[in-house]
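Residue strings, one per chain:
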Amino acid sequence: MSQQQMNNNTSSSNIPVSERYWTLVDKADKKFSKIRDLPYYERNRYDTYFYKVFKVYTQLWKFQQENRQKLVEAGLKRWEIGEIASRIGQLYYGQYMRTSEASYLSEAYIFYEAILTREYFKEGSFQDFNLANKQLRFLARFLMVCLVLNRREMVHQLVNQLKMLVDECKRTFQDTDFKEWKLVVQEIVRFLKADTAFMNIRPLRYSLVLDPHPDVLPHVAAPVARKNLRLRDAVLSSYHHNEVKFSELTLDTFRMLQCLEWEPSGSFYLSAGGKSGQNGALGSSRINHSQDIADPTLPPNPRKAVLYRPSLTHFIAVLATICEELPPDGVLLVYLSASGTTGHTLSPSGSGTCINTAENITRDFQSHTIHSDGTSTSSMSSPSNSPNPWASQKKGDCISYHTGCLQFGNRGSGGLNCIYPSDLIPFTRRPLFIIIESDASEVFKAISGAEKGERAALLLSPNCSFPIGSSDASRHSVGSLFTIFLTAPLQAFCLLLGISGSDIEMDTYKHAENLLSSSLNDWGLTLATSDNLDPVWAQILGDPFLRRFLLRFIFCRAVLTLFVQTYNKEEFHPECIPALPDAVSPRTSASQTAVVQLAKLFHATKRFVFTEAIPLPDHINIGTRS
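Residues numbered from 1 in each chain as written. Predicted model: local features only at pLDDT ≥ 70, side-chain atom pairs only at ≥ 80, totals over all residues. Heavy atoms only, no water.

- The protein chain goes by Protein SCAI in an unreviewed UniProt entry, where it is assigned to Gossypium stocksii.

### Here we look at the overall build of the protein chain
Step number 1: On a plain count of helices and strands, the protein chain comes out with 20 helices and 16 strands.
Step number 2: Taken over 626 residues, the protein chain has a buried fraction of 54%.
Step number 3: Counting contacts in the protein chain only where the partners sit at least 6 residues apart, residues at least 24 apart contribute 75% of the total.
Step number 4: For the protein chain, the exposed surface amounts to about 27,900 Å²; the carbon and sulfur share of it is 50%. (Helix = DSSP H or I, 4+ residues; strand = E, 2+ residues; numbered from the N terminus. Buried < 20%, exposed > 50% of the residue type's maximum accessible area, 1.4 Å probe, protein only. Contact = heavy atoms within 4.5 Å. Areas by Shrake-Rupley, 256 points an atom, 1.4 Å probe, with all protein chains shown as cover.)

### A short note on the nonpolar core
Most often, soluble globular proteins keep nonpolar side chains buried together rather than apart.
Step number 1: Residues Leu-333, Phe-433, Ile-435, Leu-459, Trp-537 and Phe-549 are the most contacted members of the largest nonpolar core, which totals 155 residues.
Step number 2: With 14 residues, the single largest contributor to this core is helix α7 (residues 129-149).
Step number 3: In this structure Phe-549 touches Met-256, Cys-259, Leu-260, Leu-333, Phe-433, Ile-435, Leu-459 and Leu-486, once residues within four positions along its chain are discounted.
Step number 4: One finds Ala-305, Leu-332, Leu-460 and Ile-577 within the second-largest nonpolar core, a separate group that totals 33 residues. (Core = buried A, V, L, I, M, F, W, Y, C linked by side-chain atoms within 4.5 Å.)

### Remarks on the sheet that holds strand β13 (residues 418-419)
Step number 1: Taken in spatial order, the three strands of this open sheet run β6-β12-β13, and their pairing is antiparallel. Either end of the sheet is taken by a strand with one partner, and the two such strands are β6 (340-341) and β13.
Step number 2: Pairing of strand β12 (residues 405-407) with β13, which is carried by two bridges, proceeds in the antiparallel orientation. Its bridge partner being in β13, Gln-407 is matched across the sheet by Cys-418. (Pairing = 2+ DSSP bridges.)

### Description of helix α16 (residues 489-496)
Counting along an α-helix, one turn takes 3.6 residues, and residues three or four places apart therefore face a common direction.
Step number 1: Judged by how many residues are buried, α16 sits mostly within the fold: eight of eight residues are covered.
Step number 2: The complete set of buried residues in α16 reads Pro-489, Leu-490, Gln-491, Ala-492, Phe-493, Cys-494, Leu-495 and Leu-496.
Step number 3: Gly-498 occupies a position one or two residues after α16 and carries a positive phi of about 80°.

### Some thoughts on helix α3 (residues 47-66)
Step number 1: Over its 20 residues, α3 extends 29 Å from the first C-alpha to the last, a length consistent with the 28 Å expected when each residue adds 1.5 Å.
Step number 2: Within α3, burial applies to Phe-50, Val-53, Phe-54, Val-56, Tyr-57, Leu-60, Trp-61, Phe-63 and Gln-64.
Step number 3: On its buried side, α3 packs onto α2 (17-36), α4 (68-73), α5 (78-99) and α6 (102-118). (Expected span 1.5 Å × (residues − 1).)

### Notes on the pattern of salt bridges
Step number 1: A complete count under the given rule lists 20 salt bridges for this structure.
Step number 2: Taking the shortest distance from any N to any O, the salt bridge between Lys-122 and Glu-119 comes out at 3.6 Å.
Step number 3: Among the residues examined, Lys-122 registers a relative accessible area of 46% and is labelled partly exposed.
Step number 4: Between Glu-325 and Arg-303 there is a salt bridge whose closest N-O contact spans 3.2 Å. (Salt bridge = Lys/Arg side-chain N within 4 Å of Asp/Glu carboxyl O.)

### Some words on the packing of α7 against helix α9 (residues 179-194)
Step number 1: Here α7 crosses α9 at 20°, and the two axes come no closer than 12 Å. Comparing their axes, α9 and α7 come out roughly parallel. When you trace α7 past α9, the crossing you get is left-handed. Contacts from Asn-133, Leu-136, Arg-137, Ala-140, Leu-143 and Leu-147 of α7 reach α9 at Trp-181, Ile-188, Phe-191 and Leu-192.
Step number 2: Across the contact of α7 with α9, the residue classes break down as eight nonpolar, one polar and one charged. (Axes fitted to C-alpha atoms, helices over the stretch in contact; angles between N-to-C directions. Parallel < 35°, antiparallel > 145°, perpendicular 65-115°, else oblique. Left-handed = near helix turned anticlockwise from the far one by under 90°. Nonpolar A, V, L, I, M, F, W, Y, C, P; charged D, E, K, R; others polar.)

### Focus on the pairing of strand β1 (residues 230-239)
Step number 1: Burial runs high along β1: eight of the ten residues are buried.
Step number 2: Sheet analysis places β1 next to strand β5 (residues 330-338), joined by nine bridges and oriented parallel. Paired with Arg-230 across the bridge in β5 is Gly-330.
Step number 3: Bridge count between β1 and strand β4 (residues 303-308): six bridges; the pairing is parallel.

### Comments concerning the side chain of Asp-534
Step number 1: Relative to the helices and strands, Asp-534 resides in the loop between α17 (506-528) and α18 (535-538).
Step number 2: The residues contacting Asp-534, other than those within four sequence positions of it, are Arg-455, Pro-578 and Ala-579.

### Focus on the packing of helix α19 (residues 544-562) against helix α20 (residues 589-601)
Step number 1: α20 packs onto α19 with a crossing angle of 75° between their chain directions and a minimal axis gap of 10 Å. As far as their axial angle goes, α20 and α19 are roughly perpendicular. Contact with α19, carried on its side by Phe-555, Ala-558, Val-559 and Leu-562, involves Ser-591, Gln-592, Val-595 and Leu-598 of α20 and no other residues of that element.
Step number 2: By residue class, the composition of the contact of α19 with α20 is six nonpolar, two polar and no charged.

### Looking at the packing of aromatic side chains
Step number 1: Taken as a whole and assessed by the stated rule, the structure comprises 32 aromatic pairs.
Step number 2: Taking the centre distance of 5.5 Å and the plane angle of 20° together, the rings of Phe-50 and Phe-54 count as stacked. Of this pair, Phe-50 and Phe-54 are both found in helix α3, four residues apart, which corresponds to roughly one turn of the helix. There is no split in this pair, since Phe-50 and Phe-54 are both buried.
Step number 3: Consider the rings of Phe-138 and Phe-142, whose centres lie 6.0 Å apart with planes at 25°: the pair is stacked. On the criterion of helical spacing, the pair formed by Phe-138 and Phe-142 is a turn pair, its members being four residues apart in helix α7.
Step number 4: We classify Phe-138 as buried; its relative accessible area is 3%.
Step number 5: Members of the aromatic cluster, joined through ring pairs, are Phe-466, Phe-485, Phe-493, Phe-555, Phe-563, Phe-602, Phe-608 and Phe-610.
Step number 6: Note that Arg-151 overlies the ring of Tyr-109, its terminal NZ or CZ placed 4.5 Å from the centroid. (Phe/Tyr/Trp six-rings, centres within 6.5 Å; stacked < 30°, edge-to-face > 60°. Lys NZ or Arg CZ within 6 Å of the ring centre and 35° of its normal.)

And the structure:
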């Protein structure tokens, strides 16, 4: 050891432990404040920031462990230890949001669980208003981690604690308004009421126990699939008035986020063996979380950017950043759920309306001006630019008065709250898989044929959503039916029929799951072996996540096409672009068989219109009661 190192060590040892500790705390606080508000979607740019702040907190946590007794004697409070652990949990959760790596989420859970069991924030929380707020914020953050991890028992435990703590704070701090925390409690209660146990009978994540392993998926012939693309990134966003949400995670984006992750199998047990985690602490707790360990042979989770009610400029910035980082073999999934406006046209007399054709929609978005009311007019629709838009029109003609868009804000508040089909066009230089859930989904057909390099794959919801539950406001109680079909198809089928979880025996449900899985696999094989499968679909069929969405779309389309109340009503039927082969169309014998099998099982065949007598396989037990 050099003389200079010895001098440094001697100098360091002369500094009191408490002073060294608070110096570390101050350093960690400064670095944490820099990284806390960094955007999740600029991943590569901020990796070094994360590792620097993480390194400081690792040093801080280790230092307080090794010197706990001296620090306590110097006045260190338990809540201050909890504050460090909570920030480490926040760092892990933030890094999970940037990378979608499940290990970061598990580490966040470990730290938050330790805070809960050791009650770091409990002592003195009813005497100190700031400390009570720290405990409330900790419970809310832990709730979010547990929701994403799908640890429902812990979620319900935390909700009960949050309720009791808010009530106690209201009594203790009588002069303080806890209205915001009451809203947080109402949000999570409403969220759990919508996302019931019935919706989670089967994990929304991709489970190797229930879903086919990527290695056994049927391959598409090379001439058809010119590329083999993989889902690398996803942008998930929704905006509906009064939609179910918790914090900035809406019910629809939550389900999509879950559906884009691998379900830990639990079969890859990793013994703690006295080893510590990456953080150098709490290693003994890891043995309780072995079920969170993912199969190391599987590819990583697709990275996801969840945008809560973004402005157009923010949405565009995120898309641009992600497209810039997208690898050469990557696909970007864009999921948008919002109410919207279609490109209506009016006759001069104003006596009626009609929906623009795809040609008119394409014409409209190629040249439009955004106005203060959030609508836009095509320069081609008023050649004279006169105040009277009808002046140059012949009697009986229809002209466009605005193009269609998705409303990501209050109507009438300007074009910054509108997402138009034309906004996505520049990003079609990269492969896009677009899912639109909206009553204006049809306007996004205009993207097809206007791409700048790569043809886009589109799954479009029905323009009219069939009400499920007791009223047309069912979206506000259970979420989007189309999204449920894509994320939990059997539950969507049951909800359409008015069947709840309490009405189903588990044997019947498992039987139905097996039938549906068989049908989905058959459709997958049909697509893979089809001679006329469009290359757009062929190049993504090898990706397990995108393949699953496409097959569930086929099921959704078949169900809604054959359902009595939506039969022959195109506005209730979803669409996809490009078109899929006729072999998987709703009225084929194979598609009708898939639906009739499930309908028989739930004694609901009269709820569907079958165009021919569909023979049932021998293994269907018609006598099974629901």
